[in-house]
Amino acid sequence: KAGVTQTPRYLIKTRGQQVTLSCSPISGHRSVSWYQQTPGQGLQFLFEYFSETQRNKGNFPGRFSGRQFSNSRSEMNVSTLELGDSALYLCASSSSGGPPYNEQFFGPGTRLTVL
Amino acid sequence: AQKITQTQPGMFVQEKEAVTLDCTYDTSDQSYGLFWYKQPSSGEMIFLIYQGSYDEQNATEGRYSLNFQKARKSANLVISASQLGDSAMYFCAMREGRVETSGSRLTFGEGTQLTVNP
């Protein structure tokens, strides 16, 4: 089984721009979650999508948004980038909402730098 | 209150020895899951081991075992026979509630940086 893939792996943007990150989950997984990791704040949950619907949302401003497609692939968008948005963005793929409950696998991440 | 607490910012261990990384959690849910991940300097989060709140036995996966003490709300990771490649950041995480109703959201601790010395 192929793992979770994220594109692009690295991204450099300037303040005020917007960015779109992509995540393809493991085949058969219908849940995709997004996390932001920074040295200061650690790992923080952004949102989760399950069957094309947002199921959970973390405490981030509306500049952060996401969506999920019918093939379970997910994108997250950050508009009007700020310096503080520089981070590693991780996507996690998990099973269809039932057992096995232990499947929650991460992709390699997208490292975003905002200049 | 912190939901996941990892009190050891850094740990050192000699190669081939065992090491225990501490994790305590706080939840009022009866159903929850506890995960441990390894994050090398490359950044990828590697799943190590999982313990469900209703699992009666401690989880084991190869050299990894989870010392689950439910009454104390602790879920310590034990790595036996440490290897140089085990040097990395280790995160404890919790999913609260039933997945079917509460989703797959994880709350992470701050991590423990493990260094294995030759």
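The model shown is predicted, which means the values in this text are computed figures rather than measured ones.

**Student:** Can you help me understand the overall build of chain A in this one?
**Tutor:** The helix and strand inventory of chain A stands at 0 helices and 11 strands. For chain A, the α and β elements follow one another from N to C terminus as β-β-β-β-β-β-β-β-β-β-β. Against the globule reference of 13 Å for 115 residues, chain A gives a C-alpha radius of gyration of 14 Å, in line with a compact fold. Across its three principal axes, chain A shows a C-alpha extent of roughly 40 × 25 × 25 Å. Counting the 115 residues in chain A, one finds 50% classified as buried. Counted over contacts in chain A with a minimum sequence separation of 6, partners at least 24 positions apart contribute 54%. Total accessible area on chain A is roughly 5,200 Å²; 49% of this is exposed by carbon and sulfur atoms. Treating the 11 positive side-chain charges of chain A as one cloud and the 6 negative ones as another, the clouds have centres 4 Å apart.

**Student:** Help me understand the sheet that holds strand E8 (residues 74-78) of chain A in this model?
**Tutor:** The strands making up a sheet associate through hydrogen bonds between their backbones, and the pairing can be parallel or antiparallel. All names here are of chain A. Across the sheet, 4 strands lie side by side as E1-E3-E8-E7; this open sheet has antiparallel pairing. Where the open sheet ends on each side, the last strands, each with one partner, are strand E1 (5-7) and strand E7 (64-68). In this sheet, neighbouring strand axes are inclined to one another by 20 degrees on average, regardless of whether the strands run parallel or antiparallel. Note that E7 and E8 share 5 bridges and pair antiparallel. Within E8, the position partnered with Phe 64 by the bridge is Val 78.

**Student:** Where do I start with the state of the cysteines in this structure?
**Tutor:** What makes a disulfide is a covalent bond joining the sulfur atoms belonging to two cysteines. With the rule as written, the count across this model stands at 2 disulfides over all chains. With its sulfur 1.6 Å from that of its partner, Cys 23 of chain A forms a disulfide with Cys 91 of chain A. With Cys 23 of chain A in strand E3 (residues 19-24) and Cys 91 of chain A in strand E9 (residues 87-94), this residue pair connects regions lying 68 residues apart in the sequence. With respect to class, Cys 23 of chain A is no different from Cys 91 of chain A; both count as buried. Each disulfide pairs two cysteine sulfurs, and for Cys 23 of chain B the partner residue is Cys 92 of chain B, the sulfurs being separated by 2.0 Å. The sign of the S-S torsion, about -60 degrees, decides the handedness of the disulfide formed by Cys 23 of chain B and Cys 92 of chain B: left-handed. Of the two residues, Cys 23 of chain B sits in the loop between strand E3 (19-21) and strand E4 (24-25) while Cys 92 of chain B sits in strand E10 (residues 88-96), which places them 69 residues apart along the sequence. In terms of burial, Cys 23 of chain B and Cys 92 of chain B fall into one category: buried.

**Student:** Help me understand the pairing of strand E4 (residues 31-38) of chain A, please; the structure alone is not making it clear to me.
**Tutor:** Successive side chains on a regular strand alternate, one facing one side of the sheet and the next facing the other. All names here are of chain A. Burial of E4 is extensive: 8 of the 8 residues sit out of reach of the surface. Neither face of E4 is exposed, since Ser 31, Ser 33, Tyr 35 and Gln 37 on one face and Val 32, Trp 34, Gln 36 and Thr 38 on the opposite face are all buried. In this structure, E4 lies alongside strand E5 (residues 42-50), joined through 8 bridges in antiparallel fashion. Its bridge partner lying in E5, Trp 34 is registered against Phe 47. Linkage of E4 to E5, two consecutive antiparallel strands, is achieved through a turn of 3 residues. Alignment of E4 against E9, held across 7 bridges, turns out to be antiparallel.

Criteria and thresholds
Residues numbered from 1 in each chain as written. Chains lettered and ligands numbered in written order. Predicted model: local features only at pLDDT ≥ 70, side-chain atom pairs only at ≥ 80, totals over all residues. Heavy atoms only, no water. Helix = DSSP H or I, 4+ residues; strand = E, 2+ residues; numbered from the N terminus. Rg over C-alpha atoms; globule rule 2.2 N^0.38 Å. Buried < 20%, exposed > 50% of the residue type's maximum accessible area, 1.4 Å probe, protein only. Contact = heavy atoms within 4.5 Å. Areas by Shrake-Rupley, 256 points an atom, 1.4 Å probe, with all protein chains shown as cover. Lys, Arg positive; Asp, Glu negative; His and termini not counted. Charge placed at Lys NZ, Arg CZ, Asp CG, Glu CD. Pairing = 2+ DSSP bridges. Axes fitted to C-alpha atoms, helices over the stretch in contact; angles between N-to-C directions. Disulfide = S-S within 2.5 Å.

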